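Fold and geometry: a report
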Amino acid sequence: MKKVIFMCINMNVGGTEKALLTMLDEMDKEKYEITILMLEEYGGFLDSIPSYVKIKYVEDFSNMKPRLNNPPIQVAKNLIKSEKLVKGINILAIHLVTKVFGERSLYFKYLLKNYKKIEGEYDLAAAYAGPMDFITYFVLRKIKAKKKVQWIHFDIAKIGFNLKFANKFYGKFDKVFVVSKEGKSKLIERVPSLEKNTEVFFNIVSENKIKDLASRDMGFEDDFNGIRILTVGRLAKEKGQDMTILVLSKLKNEGYKVKWYCIGEGNARSDYESMIKEYKVEEDYILLGSKTNPYPFMKECDIYVQSSRHEGYCITLAEAKILKNSIITTNFTGAKEQIENNETGLISDINEMDLYIKIKRLLDNNDLSETIKNNLRSETTSRLKEIDKLDRLLNI
């Protein structure tokens, strides 16, 4: 039996965490002894971790977290105020060095200098919450494993991707998995030395499980009999819900009988609530909050809209395809690998005007909507063979 450990931040309700859980479901329990190592015990998906998976947490991370997330100068000031002069001066000195070199590995080394390696040896260790530099460093320095993998889940052109850190550390991994072809191209373009050991590993989506979950719970419980539009995703600017509020306002002003429902939670909730009031769509734009089972809503909606400004590989879009409703997506990295424009959905530019135009096309053209649904019904895609890539890596 092969021992595999996946390291992530927590089990928040998000695409990366969902991708991990789905992959675990497809991994053979007789072949793999699986461990999840988290920075913190947190998240709506904690109860969804299979019982056969071992769970570990990074000890004392609660003390490390403010030193990782807060500005180093502020950390140093707080230590000096607490009469920890030497530690404060050390952090200031390390901060100055990291500014010179442009990456934080020396700072990570300082934070982890007294931290023992994770007990035991693994056949494979994965920095799964990638790119997150601290987790990358931790897997390389604090986990003993025969093979190590760096996962890339996001569009590195759109997030805070430290090129100097990647050039220094990513080549130390046996494999770098990127969740879309376009995402892989962007990584190789920026770090050409990784070309030989970088491979696409599509996120796995379980069609049978999603269909089963879609039939288990209630979906929409209001008595609205117009067109229901749904978006699923964390409430954050990168997910683009602000654009959807503007689009709904335009549609309502033109007399369309539509409501827009949004599943997810996040830091932008208060901003979106203010926008909803500003554009006078309080009765028509419904924030449903986070749901561990969004699939009944995805099954029952009339149009599913993925409004993201950037993604790595969009899990919710892949799930919406399984439930065979009309789909519109913005043109983020990997969107064209998931949707064939005008055939299995409509692809919009990443702005509210084009999103509005695409939604109007569907609302005004029932034949187009039915064509998209029929094409989705006839489409067959399977990602289960992606697990073979882990097998090959472990058996090289």
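Rules and cut-offs
- Residues numbered from 1 in each chain as written.
- Predicted model: local features only at pLDDT ≥ 70, side-chain atom pairs only at ≥ 80, totals over all residues.
- Heavy atoms only, no water.
- Helix = DSSP H or I, 4+ residues; strand = E, 2+ residues; numbered from the N terminus.
- Rg over C-alpha atoms; globule rule 2.2 N^0.38 Å.
- Buried < 20%, exposed > 50% of the residue type's maximum accessible area, 1.4 Å probe, protein only.
- Areas by Shrake-Rupley, 256 points an atom, 1.4 Å probe, with all protein chains shown as cover.
- Lys, Arg positive; Asp, Glu negative; His and termini not counted.
- Charge placed at Lys NZ, Arg CZ, Asp CG, Glu CD.
- Salt bridge = Lys/Arg side-chain N within 4 Å of Asp/Glu carboxyl O.
- Pairing = 2+ DSSP bridges.
- Right-handed = clockwise from strand over helix to strand, strands pointing away.
- Expected span 1.5 Å × (residues − 1).
- Axes fitted to C-alpha atoms, helices over the stretch in contact; angles between N-to-C directions.
- Parallel < 35°, antiparallel > 145°, perpendicular 65-115°, else oblique.
- Contact = heavy atoms within 4.5 Å.
- Nonpolar A, V, L, I, M, F, W, Y, C, P; charged D, E, K, R; others polar.
- Patch = residues over 30% accessible without salt bridge, like charges linked within 9 Å, V, L, I, M, F, W, Y side chains within 5 Å.
- Polar contact = N/O pair within 3.5 Å; in protein donor to acceptor, adjacent residues only side chain to side chain.
- Core = buried A, V, L, I, M, F, W, Y, C linked by side-chain atoms within 4.5 Å.

Next up on the list: the overall build of the chain. What the chain contains, in helices and strands, is 17 helices and 13 strands. Since a compact globule built from 396 residues should have a radius of gyration of about 21 Å, the 23 Å found for the chain is in line with a globular shape. Projecting the C-alpha coordinates of the chain onto the three principal axes gives extents of approximately 65 × 50 × 40 Å. Per-residue burial for the chain yields a buried fraction of 54% across its 396 residues. Just so you have it, the chain exposes about 18,600 Å², and 46% of that area is on carbon and sulfur atoms. Taken as two groups, the 64 positive and 56 negative side-chain charges of the chain have centres that lie 8 Å from each other.

Counted according to the given criterion, the structure contains 24 salt bridges. Note that E40 is salt-bridged to K65, the shortest N-O span being 3.1 Å. Of the two residues, E40 is situated in the loop between strand 2 (32-38) and strand 3 (54-57) and K65 in helix 2 (residues 61-69); the sequence distance between them amounts to 25 residues. Under the relative-accessibility criterion, K65 is labelled partly exposed at 32%. Residues K239 and E311 are paired through a salt bridge, measuring 2.9 Å at the closest nitrogen-oxygen approach. Linking K239 in the loop between strand 8 (227-232) and helix 10 (241-253) with E311 in the loop between strand 11 (303-306) and helix 13 (315-322), this pair joins segments that are 72 residues apart in sequence.

What follows is about the pairing of strand 8. For strand 8, the buried fraction is high: 5 of the 6 residues fall into the buried class. The pairing of strand 8 with strand 9 (residues 258-263) spans 6 bridges and is classified as parallel. Paired with I227 across the bridge in strand 9 is V258. Traced from strand 8 through helix 10 to strand 9, the parallel crossover comes out right-handed. Summarising the sheet, strand 8 and strand 11 pair through 2 bridges and their orientation is parallel. Note on strand 11: the bridge partner recorded for I229 is I303.

Unusually for a residue other than glycine, D60 sits at a positive phi of about 65 degrees. Assignment of secondary structure puts D60 in the loop between strand 3 and helix 2. Notably, N342 is not glycine yet its phi reads approximately 70 degrees, a positive angle. Secondary-structure assignment places N342 in the loop between helix 14 (335-338) and strand 13 (346-348).

Our focus in this paragraph is helix 10. With 13 residues, helix 10 extends 19 Å from end C-alpha to end C-alpha; this agrees with the ideal 18 Å at 1.5 Å per step. With respect to burial, helix 10 is a largely interior element, 10 of its 13 residues being buried. Looking at helix 10, one finds that the buried residues are Q241, D242, M243, T244, I245, L246, V247, L248, S249 and L251. Immediately beyond the C-terminal end of helix 10, within one or two residues, lies G255, with a positive phi of roughly 90 degrees.

Glancing now at the packing of helix 1 (residues 15-26) against helix 13. Axis separation between helix 1 and helix 13 bottoms out at 9 Å; the angle between their running directions is 60 degrees. What the angle tells us is that helix 1 and helix 13 run oblique. Contact residues: helix 1 offers G15, K18 and A19, while helix 13 offers I315, T316 and E319. Residue composition of the contact of helix 1 with helix 13, by class: 2 nonpolar, 2 polar and 2 charged.

In this section: the environment of D25. Looking at where D25 falls in the secondary structure, it is placed in helix 1. Residue classification places D25 among the partly exposed residues on the basis of a relative accessible area of 35%. For the pair D25 and Y272, spaced 247 residues apart in sequence, the C-alpha to C-alpha distance is 35 Å. With near-sequence residues (within four places) excluded, D25 lies in contact with P50, Y52 and K209.

Moving on: a nonpolar patch on the surface. Among the surface-exposed residues, I73, I80, L85, I89 and L92 lie close enough to one another that they form a single nonpolar patch of about 400 Å² accessible area. Sorting the residues of the nonpolar patch by element identifies helix 3 (72-81) and helix 4 (85-101) as the ones contributing at least two each. Ranked by residues supplied to the nonpolar patch, first place goes to helix 4 with 3 residues. Note that L85 resides in helix 4. Using a relative accessible area of 48% as the deciding quantity, one classes L85 as partly exposed.

To continue, consider the side chain of Q306. Structurally, Q306 can be placed in strand 11. Judged by relative accessible area, Q306 falls into the buried class, the value being 2%. A distance of 3.1 Å separates a polar atom in the side chain of Q306 from a polar atom in the side chain of S308. At 2.8 Å, the side chain of Q306 forms a polar contact with the side chain of T316. Residue contacts for Q306: discarding those within four places in its chain leaves V232, E311, C314, T316, L317, I328, T329, T330 and F332.

A few words on the nonpolar core. One finds F6, M23, F138 and W151 to be the most contacted residues of the largest nonpolar core, which totals 136 residues. The contact partners of F6, leaving out residues within four places of it in the chain, are L20, M23, L24, M27, I34, T35, I36, L37, A126, Y128 and W151.

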